[in-house]
Amino acid sequence: MTEVAIGQVSEINQARLNWLQPIAYAAFPLVFAIKWKKWVSPIVWLICIGLIALTGFRSKLIGFVAITVIYGLFRSQSRIKYCVLMAVTGLLAWGAIILVVQQLPLGIQRAVSFVPGVKVSHEASFNAEGSVDWRVEIWKYCLEQAPQYLVLGRGSTFNAQETASGLGSHDIATFSPWFAFETRSYHSGPLTLLVDYGLAGLIVGIWLTFVIVRRFLKAANWLGKNDTFESRYTLYFISQLIWMWPAFFLVYGDAPGLSKLIANTAAAIVLITSAKILVDKENDRDLGIPHLMQHIEEKSEN
């Protein structure tokens, strides 16, 4: 790597404001769970999108947009109209990005570099394309090693001292495919399951994803019809998981991420059950007085 290339990587990495991630993730649920005035919710949403875009993570920006679309789909009264609205909004957003992308911070340029027709700066383009090429090299290396782990897998843990002793300074500095393989950083959900847990782990992971997403889709249909805080927050929470389970396979996945997915899935099941109980109690309370009056009238007539 030349000095110019190293300088470009350093510049783009400094422009990526990774420390904004927790702020964006903390604020994002508020867009959906709280009943804002009509003009407030879009503004809060745009702020969250801007914050996550400044980190430069394409996958996280895509995730925020996907969660928004999924949540809105189940909250909408007419899904056909909603899909048309989203298509029009997407086209307008695409055009706006093309027009202003060169004036945006480098972090945001990197985050939107995947959008077709968007011409970002050379620095952002170099960094984004380099990231893709680097991942492809890791995947190629891991696939070459995978056959020997198809039956039992190699496990998701490793001895840090033993691993460090077998790595050179160049491997660590450049995060070489060998370094990624040794530290279980495959940057791929399917490879994580296949290499670490064997072919059986991959099959179980795919089956589990199908079962969980199917269950959450059914729950989302019910939650979208209720307008309580509990229902709105729970719908947001499972909208995340409806996106994140497939994204584990299609976008990015690792062993810690899988553990987090499983834990969040368990939490989502608790939230769904709790939301149903609270909604049922609310309905019973709303119906309690009319039923009581009807009972009194029937007694008086007798």
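Model, not experiment: these values are computed from the prediction.

Calculation criteria
- Residues numbered from 1 in each chain as written.
- Predicted model: local features only at pLDDT ≥ 70, side-chain atom pairs only at ≥ 80, totals over all residues.
- Heavy atoms only, no water.
- Helix = DSSP H or I, 4+ residues; strand = E, 2+ residues; numbered from the N terminus.
- Buried < 20%, exposed > 50% of the residue type's maximum accessible area, 1.4 Å probe, protein only.
- Contact = heavy atoms within 4.5 Å.
- Areas by Shrake-Rupley, 256 points an atom, 1.4 Å probe, with all protein chains shown as cover.
- pLDDT = per-residue confidence, 0-100.
- Patch = residues over 30% accessible without salt bridge, like charges linked within 9 Å, V, L, I, M, F, W, Y side chains within 5 Å.
- Salt bridge = Lys/Arg side-chain N within 4 Å of Asp/Glu carboxyl O.
- Core = buried A, V, L, I, M, F, W, Y, C linked by side-chain atoms within 4.5 Å.
- Axes fitted to C-alpha atoms, helices over the stretch in contact; angles between N-to-C directions.
- Parallel < 35°, antiparallel > 145°, perpendicular 65-115°, else oblique.
- Nonpolar A, V, L, I, M, F, W, Y, C, P; charged D, E, K, R; others polar.
- Expected span 1.5 Å × (residues − 1).
- Phe/Tyr/Trp six-rings, centres within 6.5 Å; stacked < 30°, edge-to-face > 60°.

**A word on the overall build of the protein chain**
Stage number 1. Within the protein chain, the secondary structure is distributed over 13 helices and zero strands.
Stage number 2. Start at the N end of the protein chain and walk to the C end: the helices and strands fall as α-α-α-α-α-α-α-α-α-α-α-α-α.
Stage number 3. Counting all 302 residues of the protein chain, 38% fall into the buried class.
Stage number 4. Here the contacts in the protein chain between residues at least 6 apart in sequence split such that 69% fall between residues at least 24 apart.
Stage number 5. Just so you have it, the protein chain exposes about 17,600 Å², and 67% of that area is on carbon and sulfur atoms.

**Points about the confidence of the model for the protein chain**
Stage number 1. Mean pLDDT for the protein chain: 87, with 84% of residues reaching 70 or above.
Stage number 2. With pLDDT under 50 throughout, residues 1-8 is counted as low confidence; its partners more than four residues away or in other chains account for five contacts.

**Structural notes on a nonpolar patch on the surface**
Stage number 1. Taken together, the side chains of Leu150, Val151, Leu152, Leu199 and Ile203 define a hydrophobic patch exposed on the protein surface, amounting to about 530 Å² of accessible area.
Stage number 2. Its place among the elements puts Leu150 in the loop between helix 7 (122-145) and helix 8 (160-165).
Stage number 3. The class for Leu150 is partly exposed, based on a relative accessible area of 34%.

**A look at the nonpolar core**
Stage number 1. By size, the foremost hydrophobic cluster in this structure holds 59 residues, and its most contacted members are Phe28, Phe216 and Ile238.
Stage number 2. A per-element tally of this core places helix 11 (residues 189-223) first, with eleven residues.
Stage number 3. Here Ile238 is in contact with Phe216, Ala219, Ala220, Leu223, Ala268 and Ile272, once residues within four sequence places are set aside.

**Structural notes on the environment of Ile98**
Stage number 1. Mapping Ile98 onto the fold places it in helix 5 (residues 79-100).
Stage number 2. Sequence separation of Ile98 and Val115 is 17 residues, and the distance between their C-alpha atoms is 9.0 Å.
Stage number 3. When residues no more than four places from it in sequence are discounted, the contact partners of Ile98 are Gly117 and Val118.

**With respect to the packing of helix 2 (residues 21-33) against helix 4 (residues 58-75)**
The geometry of a pair of packed helices is captured by two quantities: the angle between their axes and the separation between those axes.
Stage number 1. Axis separation between helix 2 and helix 4 bottoms out at 12 Å; the angle between their running directions is 10 degrees. Classed by the angle they form, the pair helix 2 and helix 4 counts as roughly parallel. Of helix 4, the residues touching helix 2 (which contributes Gln21, Ala24, Tyr25, Phe28 and Phe32) are Lys60, Phe64, Ile67, Thr68 and Tyr71.
Stage number 2. Of the residues assigned to the contact of helix 2 with helix 4, the class counts are seven nonpolar, two polar and one charged.

**What about helix 7?**
Stage number 1. For helix 7, with 24 residues, the first-to-last C-alpha span of 35 Å sits near the 34 Å given by 1.5 Å per residue.
Stage number 2. Ala124, Asn127, Ala128, Ser131, Ile138, Cys142 and Gln145 are the residues of helix 7 that are buried.

**Things to note about the packing of aromatic side chains**
Stage number 1. Counted according to the given criterion, the structure contains 13 aromatic pairs.
Stage number 2. Note on Phe28 and Phe64: the rings are 4.1 Å apart at their centroids and 15 degrees apart in plane angle, and the pair reads as stacked. Note that Phe28 is positioned in helix 2 and Phe64 in helix 4, a separation of 36 residues in sequence. Here Phe28 matches Phe64 in class, with each residue buried.

**Overview of unusual backbone geometry**
Stage number 1. Notably, Arg184 is not glycine yet its phi reads approximately 60 degrees, a positive angle.
Stage number 2. Here Arg184 is to be found in the loop between helix 10 (177-182) and helix 11.

**Let's talk about the pattern of salt bridges**
Stage number 1. Taken as a whole and assessed by the stated rule, the structure comprises four salt bridges.
Stage number 2. Its salt-bridge partner being Lys35, residue Asp227 comes within 2.8 Å of it at the nearest N-O pair. Pair noted here: Asp227 is in the loop between helix 11 and helix 12 (229-250) and Lys35 is in the loop between helix 2 and helix 3 (40-54), with a separation of 192 residues, a long-range link.
Stage number 3. Across the salt bridge formed by Glu182 and Arg154, the nearest N and O atoms sit 3.9 Å from each other. Of this pair, Glu182 sits in helix 10 while Arg154 sits in the loop between helix 7 and helix 8, and the two are 28 residues apart along the sequence. An identical accessibility class is assigned to Glu182 and Arg154; each is buried.

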